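Fold and geometry: a report
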Amino acid sequence: MPYSITADKIAWMKELKSERRGRISEYVEEYSRATYHEGEAPWRVDCDIAMPCATQNELDESDAKALVDKDVMAVCEGANMPTTMQGMKVFQDAEILYAPGKAANAGGVAVSGLEMSQNSERVSWNREKLDDMLTELMEDIHGKCVEHGRSGDNGHVNYAKGANIAGFEKVAEEMLAFGVV
């Protein structure tokens, strides 16, 4: 049976890192089926989903090829540009689901915008309203990425392309609205 991450294990890791300030290597002591590879990047380990979340350019072309060779299904960035341009090309050429930070991290940016709106209006929305607003924003972002990133007849979506085009359109529309161009 493959090893899996559960909500309880994620909660344990969050407590380890945020409260105890422990090292992730301690996870293996708690969950013996896990492995820890001292001094190695994680991109050569079998996985279904890779989530580079640490630093810019941490996942390069050779790492991307290793992930593709191990049949990774998706790469979802959780940092600003953790994958190099060459690594992105490997994912795009392999047509795996690649969610660049500009799309994957849009929820955090959206929440910041909603917080600014609340502050400027001097209102406070309840959790349900905020969740509904964020869900709507994220569904719109996903829809725009799909609209502008769909390529070929196989239904593959290039999220990086879709996010770039959608972002450009949004800025261009606002510039026109404000008479900048």
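Here is a short report on the structure shown in this document. This one's a predicted model, so the numbers in the text were calculated from it and none came from an experiment. (Residues numbered from 1 in each chain as written. Predicted model: local features only at pLDDT ≥ 70, side-chain atom pairs only at ≥ 80, totals over all residues. Heavy atoms only, no water.)

**A word on the pattern of salt bridges**
What the rule picks out here adds up to six salt bridges. The salt bridge involving Glu15 is made with Arg20; its shortest N-O contact spans 3.4 Å. Classification of Arg20 by relative accessible area gives partly exposed; the value is 41%. Note that Asp93 is salt-bridged to Lys89, the shortest N-O span being 2.8 Å. Within this pair, Asp93 and its partner Lys89 are both found in helix α4 (residues 85-94), separated by four residues, close to a single helical turn. Taken together, the shared-partner salt bridges in this structure form one network comprising Glu15, Arg20 and Glu26. (Salt bridge = Lys/Arg side-chain N within 4 Å of Asp/Glu carboxyl O. Buried < 20%, exposed > 50% of the residue type's maximum accessible area, 1.4 Å probe, protein only. Helix = DSSP H or I, 4+ residues; strand = E, 2+ residues; numbered from the N terminus.)

**Quick notes on a negative patch on the surface**
On the surface, Glu128, Asp131, Asp132, Glu136, Glu139 and Asp140 cluster together into a negatively charged patch. Within the fold, Asp140 resides in helix α7 (residues 127-149). A residue is classified by how much of its surface remains accessible, and Asp140, at 45% relative accessible area, is partly exposed. (Patch = residues over 30% accessible without salt bridge, like charges linked within 9 Å, V, L, I, M, F, W, Y side chains within 5 Å. Areas by Shrake-Rupley, 256 points an atom, 1.4 Å probe, with all protein chains shown as cover. Lys, Arg positive; Asp, Glu negative; His and termini not counted. Charge placed at Lys NZ, Arg CZ, Asp CG, Glu CD.)

Remember that the coordinates give geometry; whether it matters functionally is a separate question.
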